[in-house]
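Spelled out from the first residue to the last, the chains are:
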Amino acid sequence: MLVAFSAVSALALITAFIFRAGLPIMMKVGLGDFIFSNEWRPTDASPSFGIFPMIMGSLAVTAGAMVIGVSLGLACAIVLTQFCHPRAVSVLKPAIELLAGIPSVVFGFIGVVILVPLIRQYLGGWGLSVLAASLVLGIMMLPTVTSITVDALQAVPRSYGDGSIALGATKWQTTHMVLLKAAGSGIMAAVILGMGRAIGETMAVIMVIGNWLDVPHSILDPARTLTSNIALEMGYSAGEHRQALFATGVVLFVIIMAVNTAALAFSRHHLRKAGMR
Amino acid sequence: MRPIAVHTQRIATTVLWTLAGLTIGVLLFIIGFVLVRGLPHITLEFLTAAPRSMGREGGVFPIIVGTICVAGLAILIAGPVGVLTAIYLTEYTRPSRLTAVIRFGADCLAGIPSIIFGLFGFVFFVIRLGMGPSILAGALTLSLMVLPTIIRTSEEAIRAVPLSYRDVSYGLGSTRWQMVMRVVIRSALPGIGTGIILSLGRSISETAAVMLTAGSALNLPRSAYDSVRTLALHFYILSREGISMEKAYATAAVLVLSILGINLLAYWIMRRFIARVT
Amino acid sequence: MDKTSPAPIGPPGQIDDPRPTQPPKISVRGFSASFDGQSVLRNVDLDIYPAQRLAIIGPAGSGKTVLLRSLNRLNDLEPTFSKMGEIVLDGQDIYDQRQDVPSLRRRVGMVYAVPVPLPWSIYDNLVYGLKLAGIRGRRRLNEAVESSLRSVVLWDEVKDRLKEPAMNLSGGQQQRLCLARVLALEPEVLLLDEPCSGLDPISTAKIEEALAELKSKYAIVLVTNNTKQAARASDRTAFFLMGELIECNTTSQIFTSPRHNRTSAYITGHFG
């Protein structure tokens, strides 16, 4: 009985401690300044704490990652559920799920040694950029999007697709007119969960994004995300600086909770619609 | 008959297959790249010796030990707690507001990024409970991180056990606890095992949370309160600080191989499970 | 639905009246049951005698299975279940607070409509109940396995493959295994919930044969949707309709001269 509340109490503890460690400095600096100021000089004699560039960095990277991860993830899911020989599925699905198991540092590393030089050589700029981070994160969120979408598509009653085929639709017409619509909220949940992964990813991003302290203006600009800000500076921070990093965590936490609640709402809706709960 | 529709179908199929192929290609490339660059540098000495001069020379033995300690302890903590929670949710309660709260907690916990777990582990275990950067603090942090996965997979495995088994077991005179342990858990074991093994993989590959809670000491740990460095973190430090690309590749290869092994093991167990159920 | 006369218990019989000479093994007295406030059994009075087979017939939703599952308290697993009245086994109300439910279920064994072998070997299925009861000796377990398999005429078919998965058996064999699994516990009462509903005629005949053999040792309650089976394989028959016991009598009486026209309408196939 007590054990059952482990997850809930862990969540409560985490929330309490992160907020307690981060809120004071947010109040001191002022919520508006903390979020909308461009100045992050935590170690100056009169330090300033503004995380606007990091918020923009996170948003830019996440948006880019979604474009890649969602399109590839959806494509994989559709191919797996609709156009694939069962034997091929039994090889492809675990292969894609294997991607989820590869440590994020390895993704980041591959990004640094292969992607970054390619971008520098062919697209210009420094190489370490929003684009590189988006590509790496897009690949990383792909398994999440794929496997949840596959589940959502498989939950669509067979009769829907059969009915459509029987009316003379091609397989593709059936897929995009009937199945994707029926699985819509499930796919939405997959996309949002993938988004949560992208916002929250830390190590891979640190390695390829350049960690520059300006708001990025193009996808070839370097940037810094909320997560990388925390991981980079935690090691040597103290006092108000450390508090400010926890405050960064608070902002990240709030964003993630909003995203996840949306995903949960969508997947509940989906389950109810599919008559599964 | 309907040339446009057929044409669209052909284009769509081609595009979809290309994208899916691309994905598989990327996966194979990543694994292949790391193995090709790293395997030649993996020697017996690399696996059994201690690192010298920050890891530029020598091996990764204490780091392997540290990884096993942190990830193993995390699973030892999260495994029983997660499985018991799943049992409680499925066998001892009916769907109610209470179970909805527990499930919501687990779902939310699952979505929290590892860096937040790291921050929490740092203020709570490392500072507040005075553990310092240590195996224990790292393992506790990781156990919280993988807990939702274990709860979720165990719950699904338990729910997959046919309801009729429960009736049969009660009919033969079992108590609820006997029924749960001898029938339900026994039948759900492969599913539960898969979840636990995947969580082990996640613990091994986690970097951010471990960096903030287990430290980065290069010595062999002597107690649970010693700081250790895990493979993933060692790899990060080697490559990021440009200490030794050769050793970095070798470490990455060890890491990827162990993750591959763990995933294949989980997949194999799952296959056997499915084969037995049908 | 009103009752025109109280359900006759142990009525004056004919020459072949298998009227019991012993007191009833189980007495159901004024028993009513409901789920979530929905009444499913109303004021049932019924005696179940040792060394007899009682068939319970009636259309779907008449409360047959609910009554059966009340006899070993399996309905307790349903939290919305509530009941009134009592069920007395050997002079003890089984719904008494002090009743140890697992041991009650060992005394009152149950076989379900669909054979449910647990996903283990034949041997493990058979000894599961004994192990639950804390019986460990290998010798003792082996004896129980052999004798229970012999009494359902399955021993010769499976004696060389006791370690094989029970799932590999045919449907009819699985159901006989489930019966043997209950018999291994040496129960006093045997409850069977449409045990032949999924079986072919030959397997059904084998089960009925086994029941005829077993009747000397147990009080048997057989719920069935098949009136012909009730006629073939029981000594007494009780007819239920919409949660009420309409009539209980010797099987030959019920099938030759039922007292209620609803009974005769049901057994002649006019409804149900």
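Engineer: So what exactly am I meant to see when it comes to the packing of helix α7 (residues 163-171) of chain B against helix α8 (residues 176-205) of chain B here?
Structural biologist: Pairs of packed helices are described in terms of their axes, by the angle between the two and the distance that separates them. Residue and element names in this part refer to chain B. With their axes 10 Å apart at the nearest point, α7 and α8 run at an angle of 140 degrees to one another. The angle between the axes of α7 and α8 places the two elements in the oblique class. Crossing hand, α7 versus α8: right-handed. The segment α7 lies against α8, with Tyr165, Arg166, Ser169 and Tyr170 engaging Arg176, Met179, Val183, Val184 and Ser187. Here the contact of α7 with α8 is composed, by residue class, of five nonpolar, two polar and two charged.

Engineer: I keep staring at the interface of chain B and chain A and nothing clicks. Help me out?
Structural biologist: The extent of an interface is frequently quoted as the accessible surface area lost upon association of the parts. Across the boundary between the two partners, chain B contributes 69 residues, which contact 68 residues of chain A. Each partner contributes to the roughly 6,200 Å² buried at the junction of chain B and chain A, and carbon and sulfur atoms together form 83% of this total. The interface formed by chain B and chain A holds two residue pairs in polar contact (both at pLDDT 80 or more) in total. With 20 residues, helix α1 (residues 3-38) of chain B is the largest single contributor of residues to the side of chain B that touches chain A. Each residue belonging to the side of chain B that touches chain A can be placed in one class, and the counts come to 53 nonpolar, eleven polar and five charged.

Engineer: Could you clarify how one ought to interpret the side chain of Arg176 of chain C in this entry?
Structural biologist: Residues and elements named next belong to chain C. Among the structural elements, Arg176 can be located in helix α6 (residues 171-183). There is a polar contact of 3.1 Å between the side chain of Arg176 and the side chain of Glu157. Residues contacting Arg176, with those up to four places away along its chain left out, are Val152, Val153, Leu154, Glu157, Lys206 and Ile207.

Engineer: Help me understand the pairing of strand β7 (residues 189-193) of chain C, please; the structure alone is not making it clear to me.
Structural biologist: Residue and element names in this part refer to chain C. For β7, the tally of buried residues reaches five of five residues, placing the bulk of the element in the interior. The alternating pattern of β7 places Val189, Leu191 and Asp193 on one face and Leu190 and Leu192 on the opposite face, and all of these are buried. Summarising the sheet, strand β6 (residues 108-111) and β7 pair through four bridges and their orientation is parallel. When the sheet's bridge partners are listed, Gly109 is paired in β7 with Leu190. Here β7 runs beside strand β8 (residues 219-223); their pairing, made up of five bridges, is parallel. Bridging across to β8, Leu192 finds its partner in Leu222. Crossover connection from β7 via helix α7 (residues 201-214) to parallel β8: handedness right-handed.

Engineer: Even after reading the chapter, I still don't get the sheet that holds strand β2 (residues 38-48) of chain C, so can you show me in this structure?
Structural biologist: In a beta sheet, neighbouring strands pair by backbone hydrogen bonds and run either parallel or antiparallel. Residue and element names in this part refer to chain C. As summarised here, the arrangement of the four strands in space is β2-β1-β4-β5, forming an open sheet in which the pairing is antiparallel. Only two strands of the sheet have a single neighbouring strand rather than two, namely β2 and β5 (92-93). Pairing between strand β1 (residues 26-35) and β2: seven bridges, direction antiparallel. Directly across from Phe35, in β2, lies its bridge partner Gln38. On the sheet, helix α1 (residues 64-71) packs against β1, β2 and β4 (81-89) and is oriented at approximately 120 degrees with respect to β1.

Engineer: How should the pairing of strand β9 (residues 236-241) of chain C be read in this particular structure?
Structural biologist: On a regular strand, each side chain points to the face opposite its neighbour's, so the side chains alternate between the two faces of the sheet. All names here are of chain C. A large share of β9 lies buried, amounting to six of its six residues. Residue alternation in β9 divides its side chains into two sets, Arg236, Ala238 and Phe240 and Thr237, Phe239 and Leu241, and both sets are buried. In this sheet, strand β10 (residues 244-250) lies alongside β9 in antiparallel orientation, the contact comprising six bridges. In the sheet register, Thr237 faces β10, and the bridge partner there is Asn249.

Engineer: Even after reading the chapter, I still don't get the domain arrangement of chain B, so can you show me in this structure?
Structural biologist: Residues and elements named next belong to chain B. Segmentation of chain B into domains returns domain 1 (3-41) and domain 2 (44-277). Facing eight residues of domain 1, the contacting portion of domain 2 comprises nine residues. Here domain 1 packs against domain 2, burying approximately 760 Å² in sum over the two surfaces, 82% of which is carbon and sulfur. The interface formed by domain 1 and domain 2 includes one residue pair in polar contact (both at pLDDT 80 or more). Grouping the amino acids of the side of domain 1 that touches domain 2 by side-chain chemistry returns five nonpolar, two polar and one charged.

What counts, and at which threshold
- Residues numbered from 1 in each chain as written.
- Chains lettered and ligands numbered in written order.
- Predicted model: local features only at pLDDT ≥ 70, side-chain atom pairs only at ≥ 80, totals over all residues.
- Heavy atoms only, no water.
- Axes fitted to C-alpha atoms, helices over the stretch in contact; angles between N-to-C directions.
- Helix = DSSP H or I, 4+ residues; strand = E, 2+ residues; numbered from the N terminus.
- Parallel < 35°, antiparallel > 145°, perpendicular 65-115°, else oblique.
- Left-handed = near helix turned anticlockwise from the far one by under 90°.
- Contact = heavy atoms within 4.5 Å.
- Nonpolar A, V, L, I, M, F, W, Y, C, P; charged D, E, K, R; others polar.
- Buried area = accessible area lost by both parts, 1.4 Å probe.
- Polar contact = N/O pair within 3.5 Å; in protein donor to acceptor, adjacent residues only side chain to side chain.
- Buried < 20%, exposed > 50% of the residue type's maximum accessible area, 1.4 Å probe, protein only.
- Pairing = 2+ DSSP bridges.
- Right-handed = clockwise from strand over helix to strand, strands pointing away.
- Domains from an automatic or database assignment.

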